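Residue-level listing of the chains:
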Amino acid sequence: MVNIIWASMAMIGILYAMVNGTMDEVNEAIFASSGEAVTLSIGLISVLVFWLGIMRVAEQAGILKVLTKILRPAVSRLFPELPKDHPALGYILSNLTANLFGLGNAATPMGIKAMEQMKQLSGSDTASRSMITFLALNTSSLTIIPTTVIAIRMQYDSASPTEIVGTTIIATTISTAGALVVDRFYHYKSTRRN
Amino acid sequence: MGIITVISTWLIPLFIFLVLLTATWKKVPAYEAFVEGGKEGVKMAFSLLPFLVGMIVSIAILRSSGALEAFVGLITPLLVMVGIPPDIVPLALVRPISGTAALGMTTELISTHGPDSFIGRLASTMQGSTDTTLYVLTVYFGAVGIHRMRYALKVGLIADLIGILASILIVSLVFG
């Protein structure tokens, strides 16, 4: 599916440019955006190196295990496929906690580690049930502090930059709950077919 | 609300402090472990690079050609009929596809309508309550080499739709 989406976005763009004479813009965008993507990846190095380093220390010091033990009851319900003491649960919890506090930078490396652990469990290049549940939680972005938005609102002299925290929490809770329900629905639909 | 800002600035340093304290207490070779884990980060960033270049360029072609804008214009009347404010429609459609474009739109909406207007509050809530599904998918599945993503994209996009509708409803109820 991602192959089709990826190819059609570019193809539709190029076709549209042919008809509407925006080929110059497209040409410029191709080179500018690939440069941007490289800058983005290079920028990720600092965050990935730092957080994966700290998380390795945390892992060896046994902190991840403690974290997993405390919050396991809630999370193992969401991920019934994962074994009870599996390190994937620890990384999932760290990722969700970082997201909750709006620390997207710290959340991504931990999320990738969680994915890696889940891939070792499933041992294939097909997304497993737990991976999709984890992805659903991340795309619906469960957060309590939308830091970027608050910063923008401050910049434009809002009388109360943080007044949207409440509405954001409610909206994100609804979308996360919705994501989990939809995820379950498609999971059961796919198992019934097999 | 001051307390939330304090928590978020203290959280990371405090976490690092606790990790290092525990490691030292348990006689774990902290620095060596850090370097070991960090090496993995370098590899990860480089393996992500082609995934990001591919996805970002494809989206950039769609945007720069004007096709995305045309599509948004086409679908806007339909969404207005359902009760979605017309100013917010482009943001709602772009949010799952491009994080940078969405952030730009949110900033633009806040600057033209004012952060404390209905549209400003709605854009803020929408921006904060959903994430860029396509980016999350690219990064997480790309980094570990998942090729068949099954129903993941569907779930992500439906979740975005729920988030957008929930934002409109909540902001109308609270600030309307």
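Details of the structure are given in the entry above.
Residues numbered from 1 in each chain as written. Chains lettered and ligands numbered in written order. Predicted model: local features only at pLDDT ≥ 70, side-chain atom pairs only at ≥ 80, totals over all residues. Heavy atoms only, no water.

Visitor: Describe the overall build of chain B, naming the residues involved and giving the relevant values.
Guide: The helix and strand inventory of chain B stands at eight helices and zero strands. If you list the helices and strands of chain B from N to C, you get α-α-α-α-α-α-α-α. The C-alpha radius of gyration computed for chain B amounts to 21 Å, which surpasses the reference 16 Å derived for 176 residues by more than 25%, pointing to a less compact arrangement than a globule. Expressed as lengths along the three principal axes of its C-alpha atoms, the size of chain B is roughly 65 × 45 × 30 Å. The burial tally for chain B puts 51% of its 176 residues in the buried class. Long-range pairs, those at least 24 residues apart, make up 65% of the contacts in chain B between residues at least 6 apart in sequence. With an accessible surface of roughly 8,200 Å², chain B has 73% of that area assigned to carbon and sulfur atoms. (Helix = DSSP H or I, 4+ residues; strand = E, 2+ residues; numbered from the N terminus. Rg over C-alpha atoms; globule rule 2.2 N^0.38 Å. Buried < 20%, exposed > 50% of the residue type's maximum accessible area, 1.4 Å probe, protein only. Contact = heavy atoms within 4.5 Å. Areas by Shrake-Rupley, 256 points an atom, 1.4 Å probe, with all protein chains shown as cover.)

Visitor: Give a detailed account of the pattern of salt bridges, specifying residues and quantitative values.
Guide: Under the defined criterion, the tally for this structure stands at seven salt bridges over all chains. Salt-bridge contacts for Lys 113 of chain A lead to Glu 40 of chain B; the nearest nitrogen and oxygen are separated by 2.6 Å. One end of the pair, Lys 113 of chain A, is in helix α5 (residues 104-122); the other, Glu 40 of chain B, is in helix α2 (residues 30-64), on a second chain. A salt bridge links Arg 121 of chain B to Glu 163 of chain A; the nearest nitrogen and oxygen atoms lie 2.6 Å apart. A residue pair is termed interchain when its members come from two chains, as with Arg 121 of chain B in helix α6 (residues 118-129) and Glu 163 of chain A in the loop between α7 (147-155) and α8 (164-193). For Arg 121 of chain B, a relative accessible area of 17% puts it in the buried group. (Salt bridge = Lys/Arg side-chain N within 4 Å of Asp/Glu carboxyl O.)

Visitor: Can you lay out the environment of Gly 123 of chain A for me, pointing to particular residues and giving the numbers?
Guide: Residues and elements named next belong to chain A. Structurally, Gly 123 is set in the loop between α5 and α6 (129-139). Look at Gly 123 and you get exposed, because its relative accessible area is 64%. When the C-alpha positions of Gly 123 and Thr 68 are compared, they lie 23 Å apart, and in sequence the two are 55 residues distant.

Visitor: Explain the interface of chain B and chain A to me, using residue names and the numbers behind them.
Guide: Where the parts come together, the accessible area they lose is often given as the size of the interface. Contacts between the two partners involve 94 residues from chain B, matched on the other side by 95 residues from chain A. Contact between chain B and chain A buries roughly 8,300 Å² in total, counting both sides, with carbon and sulfur atoms accounting for 78%. It is Phe 34, Tyr 140 and Tyr 151 of chain B that lose the most area in chain B upon contact with chain A, and together they represent 9% of the buried surface on that side. Summed over the shared surface of chain B and chain A, the result is four salt bridges. Linking chain B with chain A are 24 residue pairs in polar contact (both at pLDDT 80 or more), by the criterion used here. Among the elements that make up the side of chain B that touches chain A, the one with the highest residue count is α2 of chain B (26 residues). Here the side of chain B that touches chain A is composed, by residue class, of 59 nonpolar, 25 polar and 10 charged. (Buried area = accessible area lost by both parts, 1.4 Å probe. Polar contact = N/O pair within 3.5 Å; in protein donor to acceptor, adjacent residues only side chain to side chain. Nonpolar A, V, L, I, M, F, W, Y, C, P; charged D, E, K, R; others polar.)

Visitor: Any chance you could break down the packing of helix α7 (residues 133-144) of chain B against helix α8 (residues 152-175) of chain B for me, citing the residues and the numbers?
Guide: Two quantities define a packed helix pair, namely the angle between the helix axes and the distance between the axes. Residue and element names in this part refer to chain B. Their axes nearest at 10 Å, the elements α7 and α8 cross at an angle of 150°. In the crossing of α7 with α8, the sense of the turn from one axis to the other is right-handed. Residues Thr 133, Leu 134, Leu 137 and Phe 141 of α7 form the contact with α8, whose own contacting residues are Ala 152, Leu 153, Gly 156, Leu 157 and Asp 160. (Axes fitted to C-alpha atoms, helices over the stretch in contact; angles between N-to-C directions. Left-handed = near helix turned anticlockwise from the far one by under 90°.)

Visitor: Go over the nonpolar core with me, naming the residues and quoting the values.
Guide: Core analysis: the biggest nonpolar cluster contains 87 residues, and Ile 92, Ile 112, Met 115 and Met 118 of chain A together with Ile 88 and Phe 141 of chain B have the highest contact counts within it. It is helix α2 (residues 23-60) of chain A that contributes the most residues to this core, 10 residues altogether. Those residues in contact with Met 118 of chain A that lie beyond four places of it in its chain are Leu 82, Ala 88, Ile 92, Ser 130, Met 131 and Phe 134 of chain A. (Core = buried A, V, L, I, M, F, W, Y, C linked by side-chain atoms within 4.5 Å.)

Visitor: Help me get a handle on the environment of Gln 117 of chain A, residues and values and all.
Guide: Residues and elements named next belong to chain A. For Gln 117, the location among the structural elements is in helix α5. In the structure, Gln 117 is positioned 26 residues away from Tyr 91 in sequence and 8.6 Å away in space, judged by C-alpha atoms. Those residues in contact with Gln 117 that lie beyond four places of it in its chain are His 86, Pro 87, Ala 88 and Tyr 91.

Visitor: Break down the packing of aromatic side chains for me, with residues and values.
Guide: A full pass over the atoms with the stated rule returns six aromatic pairs over all chains. For the pair Phe 134 of chain A and Tyr 140 of chain B, a centre-to-centre distance of 5.8 Å together with 25° between the ring planes defines the contact as stacked. Here Phe 134 of chain A is found in helix α6, whereas its partner Tyr 140 of chain B is found in helix α7 on a different chain. For Tyr 140 of chain B, a relative accessible area of 4% puts it in the buried group. Their ring planes at 75° and their centres at 5.2 Å tell us that Phe 185 of chain A and Tyr 186 of chain A sit as a pair that is edge-to-face. Here Tyr 186 of chain A falls in the buried class, since its relative accessible area comes to 14%. Through a chain of ring-to-ring contacts, the aromatic side chains of Phe 50 and Trp 51 of chain A together with Phe 15 and Phe 34 of chain B assemble into a single cluster. (Phe/Tyr/Trp six-rings, centres within 6.5 Å; stacked < 30°, edge-to-face > 60°.)

Visitor: Describe the side chain of His 187 of chain A, naming the residues involved and giving the relevant values.
Guide: You can see His 187 of chain A is positioned in helix α8. Residues contacting His 187 of chain A, with those up to four places away along its chain left out, are Arg 129 of chain A together with Tyr 151 of chain B.

Functional significance is not addressed by these values, which are geometric in nature.
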